Each structure stands twice: as C-alpha cells, then as structure tokens.
Amino acid sequence: MVVFQVARVETTPFDGQKPGTSGLRKKVKVFIQPNYLHNFVQSTFNALGADKVRGATLVVSGDGRYFSKDAIQIITKMAAANGVRRIWVGQNGLLSTPAVSAVVRERVGHDGSKANGAFILTASHNPGGPHEDFGIKYNMENGGPAPESVTDKIYENTKTIKEYLIAEGLPDVDISTVGVTSFTGPEGQFDVDVFDSTSDYVKLMKSIFDFESIQKLLSSPNFTFCYDALHGVAGVYAKRIFVEELAAKESSLLNCVPKEDFGGGHPDPNLTYAKELVARMGLGKTGNESEPPEFGAAADGDADRNMVLGKRFFVTPSDSVAIIAANAIEAIPYFSGGLKGVARSMPTSAALDVVAKHLNLKFFEVPTGWKFFGNLMDAGMCSVCGEESFGTGSDHIREKDGIWAVLAWLNILAHKNKDNLGGGKLVTVEDIVRQHWSTYGRHYYTRYDYENVDAGGAKELMAHLVKLQCSLSEVNGIVKGIRSDVPNVAHADEFEYKDPVDGSVSKHQGIRYLFEDGSRLVFRLSGTGSEGATIRVYIEQYEKDSSKTGRDSQEALGSLVEVAIKLSKIEEFTGRSAPTVIT
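Residues numbered from 1 in each chain as written. Predicted model: local features only at pLDDT ≥ 70, side-chain atom pairs only at ≥ 80, totals over all residues. Heavy atoms only, no water.

1. Some points on the nonpolar core
With 81 residues, the main nonpolar core has Tyr227, Ile241, Phe242, Phe295, Leu407 and Leu410 as its most contacted residues. When residues of this core are assigned to their parent elements, the largest contribution, 11 residues, is made by helix H14 (residues 402-416). Looking at this core, you find at least three residues from each of domain 1 (2-197) and domain 2 (201-440). Excluding residues within four positions of it along the chain, Tyr227 makes contact with Ala234, Ala238, Phe242, Ser252, Leu253, Leu254, Cys256, Ala297, Ala299, Ile403 and Val406. With 47 residues, the next largest nonpolar core counts Ala47, Phe119, Leu121 and Ile175 among its residues. (Core = buried A, V, L, I, M, F, W, Y, C linked by side-chain atoms within 4.5 Å. Buried < 20%, exposed > 50% of the residue type's maximum accessible area, 1.4 Å probe, protein only. Helix = DSSP H or I, 4+ residues; strand = E, 2+ residues; numbered from the N terminus. Domains from an automatic or database assignment. Contact = heavy atoms within 4.5 Å.)

2. Some thoughts on the domain arrangement of the chain
Domain annotation of the chain identifies domain 1 (2-197), domain 2 (201-440) and domain 3 (442-582). On a C-alpha basis, the centres of domain 1 and domain 3 stand 38 Å from each other.

3. Side note on the sheet that holds strand S12 (residues 253-254)
In a beta sheet, neighbouring strands are held together by backbone hydrogen bonds and run either parallel or antiparallel to one another. On the basis of which strands lie adjacent, the open sheet formed by five strands has the order S12-S11-S13-S14-S15 and mixed pairing. Each of the sheet's edge strands pairs with one partner strand only, and the pair in question is S12 and strand S15 (313-315). Note: strand S11 (residues 225-228) against strand S13 (residues 295-299), four bridges, orientation parallel. Bridge pairing in S13 places Cys226 opposite Gly296. Contacting S13, strand S14 (306-310) and S15, helix H15 (residues 429-440) crosses the sheet at an angle of about 55° to S15. (Pairing = 2+ DSSP bridges. Axes fitted to C-alpha atoms, helices over the stretch in contact; angles between N-to-C directions.)

4. Looking at unusual backbone geometry
Residues apart from glycine generally show negative phi values, whereas peptide bonds are mostly found in trans. In this model, Asn255 sits at a positive phi of 50°, which is unusual for a non-glycine residue. The topology assignment puts Asn255 in the loop between S12 and helix H10 (275-280). Despite not being glycine, Arg312 has its phi angle at roughly 55°, a positive value. You can see Arg312 is positioned in the loop between S14 and S15.

5. Some remarks on the side chain of Arg65
Relative to the elements of secondary structure, Arg65 occurs in the loop between strand S4 (57-62) and helix H4 (68-81). For Arg65, the side chain forms a polar contact with the main-chain oxygen of Asp133, separated by 2.9 Å. Arg65 has contacts with Thr122, Ala123, Ser124, Asn126, Pro127, Gly128, Asp133, Phe134, Glu260 and Phe262, leaving out every residue within four places of it along the chain. (Polar contact = N/O pair within 3.5 Å; in protein donor to acceptor, adjacent residues only side chain to side chain.)

6. Concerning the sheet that holds strand S20 (residues 442-453)
Strand order in this open sheet of six strands is S21-S24-S25-S26-S20-S27, and the pairing throughout is antiparallel. If you trace the sheet from one side to the other, it starts and ends with strand S21 (489-494) and strand S27 (581-582), each paired once. Direction of pairing for S20 relative to strand S26 (residues 533-543): antiparallel, over a ladder of 10 bridges. By the bridge assignment for S26, Tyr450 is matched with Ile535. The sheet strands contacting helix H19 (residues 558-568) are S20, strand S24 (511-515), strand S25 (520-526) and S26, and the helix crosses S26 at an angle near 145°.

7. Details of the packing of helix H11 (residues 317-331) against H14
Viewed as axis vectors pointing N to C, H11 and H14 meet at an angle of 55°, and their least axial separation amounts to 10 Å. What the angle tells us is that H11 and H14 run oblique. For the crossing formed where H11 meets H14, the hand is left-handed. Contacts from Ser320, Ile323, Ile324, Asn327, Glu330 and Ala331 in H11 reach Trp404, Ala405, Ala408, Trp409, Asn411, Ile412, His415 and Lys416 in H14. Taken together, the residues of the contact of H11 with H14 break down into eight nonpolar, four polar and two charged. (Parallel < 35°, antiparallel > 145°, perpendicular 65-115°, else oblique. Left-handed = near helix turned anticlockwise from the far one by under 90°. Nonpolar A, V, L, I, M, F, W, Y, C, P; charged D, E, K, R; others polar.)

8. Quick notes on the pairing of strand S6 (residues 117-121)
Counting buried positions along S6 yields five of five residues, so the element is predominantly enclosed. Along S6, one buried face is formed by Gly117, Phe119 and Leu121 and the opposite face, lined by Ala118 and Ile120, is buried too. Inspection of the sheet shows S4 paired to S6 by five bridges, in the parallel sense. Residue pairing across strands places Val60 opposite Phe119, the latter belonging to S6. Pairing geometry for S6 and strand S7 (residues 133-139), over three bridges, is antiparallel. Residue pairing in the sheet places Ala118 in a bridge with Asn139 of S7.

9. A few points about the state of the cysteines
This model, assessed by the stated rule, comprises zero disulfides. This cysteine, Cys385, is not joined by any disulfide, and Cys382 carries the nearest cysteine sulfur, 4.7 Å off. Of the residues examined, Cys385 reaches a relative accessible area of 0% and is grouped as buried. (Disulfide = S-S within 2.5 Å.)

10. Notes on the UniProt feature "domain: Alpha-D-phosphohexomutase alpha/beta/alpha" (unreviewed entry) in the chain
If you check UniProt for "domain: Alpha-D-phosphohexomutase alpha/beta/alpha" (unreviewed entry), the listed places come out as residues 17-164, 200-309 and 318-419 in our numbering. As annotated, residues 17-164 comprises 38% helix and 20% strand, and the C-alpha atoms at either end are separated by 15 Å. (UniProt positions renumbered as here; feature names shortened; annotations may be inferred.)

11. Focus on H19
Those residues of H19 that sit buried are Ser559, Leu560, Val561, Val563, Ala564, Leu567 and Ser568. Following H19 by one or two positions, Lys569 has its phi on the positive side, about 55°.

12. Looking at the pattern of salt bridges
A full pass over the atoms with the stated rule returns 41 salt bridges. With a closest N to O distance of 3.0 Å, Asp133 and Lys27 form a salt bridge. Residue Asp133 is found in strand S7, and its partner Lys27 is found in strand S3 (residues 24-27); the two are separated by 106 residues along the sequence. Residue class for Lys27 comes out buried when judged on its relative accessible area of 15%. Where salt bridges share partners, they join Arg344, Asp353, Glu365, Asp493, Arg512, Arg520 and Glu540 into one cluster. (Salt bridge = Lys/Arg side-chain N within 4 Å of Asp/Glu carboxyl O.)

Written as structure tokens, this is what we have:
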C-alpha cells in the first residue's frame, strides 16, 4: 500500500476568489496559475473546520470540462493531506450536478459510508476548453450548495491564506476504472472510490416517475422524441435512461458524447445556443423539410438546466414549472400524496403564483440561487420549484435537475395520452400549454441578456434604476413619454428576502418595476459569468382573457420591451444596441 506524507506549502492570496451563487468561476487560464485552485480548496477546508473535514467522505466530480481531470487529482491529494477519510469520484470524473446531490443524499459506500459533502467541478452552462471557463463549488451534507455563511468564510480565508496542505508521494488515481484504491497517511487509511456515474441517479428517478408508462409513450408509433446534451455530462445519463431504461431509439439522442470543450459549442439550453435541436424541432430560421418530433429537450453542461420543446413550439421555463406543478399530483407517482408547497425565483414569471392560488398551495418567492429553495425543502415547505433560467426541480435532491424536468414532462404526456397511444390523436406539448393558459391565464414573458458588458457601466445602470425609484411620479412621466399605452408603475423596489426558515436576509437581489395591470420589469446582474458583467432584463405581462393568449410573445411585449430599454438607458450605459441572447 502506497504511503504518503503531508507537505505544507507556502502561498499568497489571489484577489477575486469570491464564490458567487454557483461557486467560483473564472477562465481556465486563471485556474491553472500555480496555487490558484489549491488556495481555494484549502480555504474551503479551513472554512468547514477540522471537525467536519477529518474523517469525512467527500464527492469530487463534475461536468468533464477542460481541466476537470487535473483538478480532481489536486483536490484528492489535498483532501488526503487535510485528514479526509475517503473520496468518491464518478467514473471518468463525470457526475451531473443533480447526480452529485443525489449521491450525497442517497449513496452508501461499499463500507457503509455516507458522503458529508462535495466539490463539484463545473461552470454550468458556460463554454469549456483551454480558453474558456472552469468552476468549482462546494455542496453540503444535504446535497445542496453551501449557504452564504460558508461561502463568506471561504472568501475571507482566500484573502489571508498563507499555506495549503497536500499529500506528498500520493500518485494520480486512475479514475477511468470502477474500484477502490487505498493509501496510508499520517492519520491512517485513505480511500479513493471510483464508482458508476449513473446507477444512484437512475435508481432515484425510477422511484419518482412511472417508467413503464413513459416507455409505452416512447414506444408508441405516433410519438417521436429528441434529446440534445450539447456534449455535456447529460449525455451519460441520457443514454442510460432514455435508451437503456426507456427503450428510445439511440438516433433520438443528439450530441450525447461528453467533450472537454462541449464540441466547441455553448452548452446553454436555449433557443440561441441549442441550434441543432431548435432546427430539428421546426423552430429554426430556415425551414425544416422533415417532420419535427413531438417532443424535444436539451441540457446544459452539468445537466441541471433544461429546455422543453414541442413540435414547432417552445415552452418557457416559467410556464414549465407552473405546468409541472399543476399536473404533478395526478401524473407523477412521487407527488401522489400532494405538494407541500411551491416556489420560484423572483425574476421568474408569476405563472406559478396563479397555480399555487388555484390549488391552495403554500407559495414562496425567493432570490436567484438554489440554496434558497433548499432551505424550504429541508424544512418540508416546498415540493416543486423553478427558475426562469431553465432550472426546474423538486425536493428529491437539493439542486435543479434537467433530466428530472424532462422525465416530468414525459410522465405528464404519458398520463394524458394513456388511452390513445395505439394510433389515436396525441395530446401534444402545445395542447398541454394552451390548455394551461385557458385555465390559468398566460404570462407573456421574455428575458434579454447583455453578456460580458463593462462591469462599471453595469453598476452605473443599476444605480440609475434604484435612484429613479425615489419618485414614482417621475418614473411614470418617463414611461408615458416612451409609450402612452403602458399602464402606470404601481410599485418599485430592490428585492429583499427574509428566509422563513433561518431568518437570514438577502438584499440587493434585483430591481423591480411593478405595473398596475400586473406586468413587471426586473433588472438584475447575473453572478454566473466568468468575466465582465451580465445584465438580465425580465419583461412580463399577464393576460387573463383566453381569447388573447395566442399572440406571439415578442409582439405582445413590444411596448414593455421599449419601456425597459429606454427607462434603463441600457444602450447609453453599456454601448450595446441589442442583447446577446433573447429567451
């Protein structure tokens, strides 16, 4: 058995190692600097404290992006030096973010051990490759992202760190082969357990959904299906679940081989970046000669986000979570006993609010960041939740879950089509959405992203919007000067959230302008980029009249879009005449 020693290595702090809502994200060229990753990992161990680190079992895996394999070896050696008892690694270093959460919560090791936390190596939907992005975040024993109390400690440690610990004489571990490798250090045995990336997650999905009815749907001669992993980690799970478990044709999978650079693409499941799927589903700018599938879906790099499409039809994420909540009890076995409550992030449309009111469910509006949902779930207050940024999930884990959302839609489709799979007319994705609008009304909704803008200009824009809120009469004068057909602003504020579980207060979570007719404009700086700033503008209008719910979204929102752009002076502050992405 290999014996290793602990080395203490002197180091100096790096500026800017503050974890955002989803950990620390920077360009690869930043992470590969000597000691950069080491400093952050040691600062995390120091923040957790020796009592939580010594003897612990930690998961270390991610979406397989460039630098992941090197990072796994570094973290493993540092964990050994800091007294961690065992490391669990998904085969080839691959685990989706939702699968990591499932593994922390569900997996039992060969020796009866349970995980205490996880390092997830991902920059989510950001591009990968030598010149692109890398990221790392720490998840707690509940499987969810570290709370601000922990990430704040990590950041403070990064500013004062003087040394890190690493195992000297510990060789790189073969992470391509399933099995346990054992070593000996000053504190005794240290194990690295490489395990199958899919088994724990698949077992959990089979306990939630009716796989038999979904298989019947996918096997039906009049139902066609397409899933695009955008060369992210979801491809590993797509093949195992959709092909091996549910008998879908392998030809229904697109880009399902994980690649370190995501095939040179941008692994963000939206209408802009999932070009191949969008074209196949009949939504591309050029005509698609072949008949599109009935159902299509895509995932981001680490498989926690999803996009759902019907034939020539896009389902907004805000509508998606509302529709899942509205149909969950009757269609999905896991929820047959009822929903504890529902929640959405503040920028997400109010479609879920209407469902909650209609079904008499507890409802929560939280800041962006899955940890806020996790608190509610741990307290037994929330079953289904979602964010407009293509994130949907439930209390089965403590992360958003892209494949879970796709299975939820397939289970709903299977339920609604249980009597007509032999050749009758299908209830389609579009039918389900339009029926939902006729029952609950429609929240016309769009998001404009201005990516990698100058950070200084972005802050000035936000300060301008806050200052405007001092006088609603002045705001309404400006609004009427832009578009006289837009109602008055009834309320404006900077969103602040007091957590009903732990009492913590989160401030500066986005700037809101709420109109008399229920329309909303929300402006927010995103924390998921690796450089510059991303301004997100959310535009929403509610329509209760069922005869008016079939309009094109951009047409319906035209007046509010003009108000949002001119009120914020976005071109003046950013120099951008158009958004990078419209969703």
